[in-house]
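Structure at a glance
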Amino acid sequence: MTARLAAAARAALEGGESALATRARHREELADVLAHLNRAAAADASSPVEFVAEDLRLAVRAIGRLTGTVDIDEIFDVIFCEFCIGK
């Protein structure tokens, strides 16, 4: 699952220019995103799914603060449908 997500992210970002976060607020939000994604990625099979989902939700929320409103329900629909979480 992680490999598929990484490959999709690489494909989506391939050929794009590097962005530089010049504002302190943007750097703080990106650090927040990274911290939550790292915690979610570090989870293992014994980690409660609710904790992983919460870290993903918080990461998406931080991204939303940078880019505008993000519909969390739509993102979770994709996660639940494509990766069979919760079944």
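Thresholds, definitions, all that
Residues numbered from 1 in each chain as written. Predicted model: local features only at pLDDT ≥ 70, side-chain atom pairs only at ≥ 80, totals over all residues. Heavy atoms only, no water. Helix = DSSP H or I, 4+ residues; strand = E, 2+ residues; numbered from the N terminus. Buried < 20%, exposed > 50% of the residue type's maximum accessible area, 1.4 Å probe, protein only. Polar contact = N/O pair within 3.5 Å; in protein donor to acceptor, adjacent residues only side chain to side chain. Contact = heavy atoms within 4.5 Å. pLDDT = per-residue confidence, 0-100. Salt bridge = Lys/Arg side-chain N within 4 Å of Asp/Glu carboxyl O.

A few words on the side chain of Asp55. Turning to its location among the elements, Asp55 is positioned in helix H3 (residues 49-67). Judged by relative accessible area, which is 11%, Asp55 ranks as buried. Within the local environment of Asp55, its side chain forms a polar contact with the side chain of His36, the two groups lying 3.1 Å apart. Excluding residues within four positions of it along the chain, Asp55 makes contact with His36, Arg39 and Ala40.

Overall, the predicted model of the chain reaches an average pLDDT of 81, with 84% of residues at or above 70. For the chain, the element scoring lowest by mean pLDDT is helix H4 (residues 72-83), at 71; helix H2 (residues 24-42) scores highest, at 92.

The next point concerns the pattern of salt bridges. Under the criterion given, the structure shown has four salt bridges. Measuring nitrogen to oxygen at the nearest pair gives 3.1 Å for the salt bridge that ties Asp32 to Arg65. Highlighted residues: Asp32 in helix H2 and Arg65 in helix H3, separated in sequence by 33 residues. Judged by its relative accessible area of 38%, Arg65 is partly exposed. When the shortest N-O distance is used, the salt bridge between Arg39 and Asp55 registers 3.2 Å. Within this pair, whereas Arg39 is found in helix H2, its partner Asp55 is found in helix H3, the two being separated by 16 residues in sequence. Among the charged side chains, a salt-bridge network with shared partners connects Glu29, Asp32 and Arg65.

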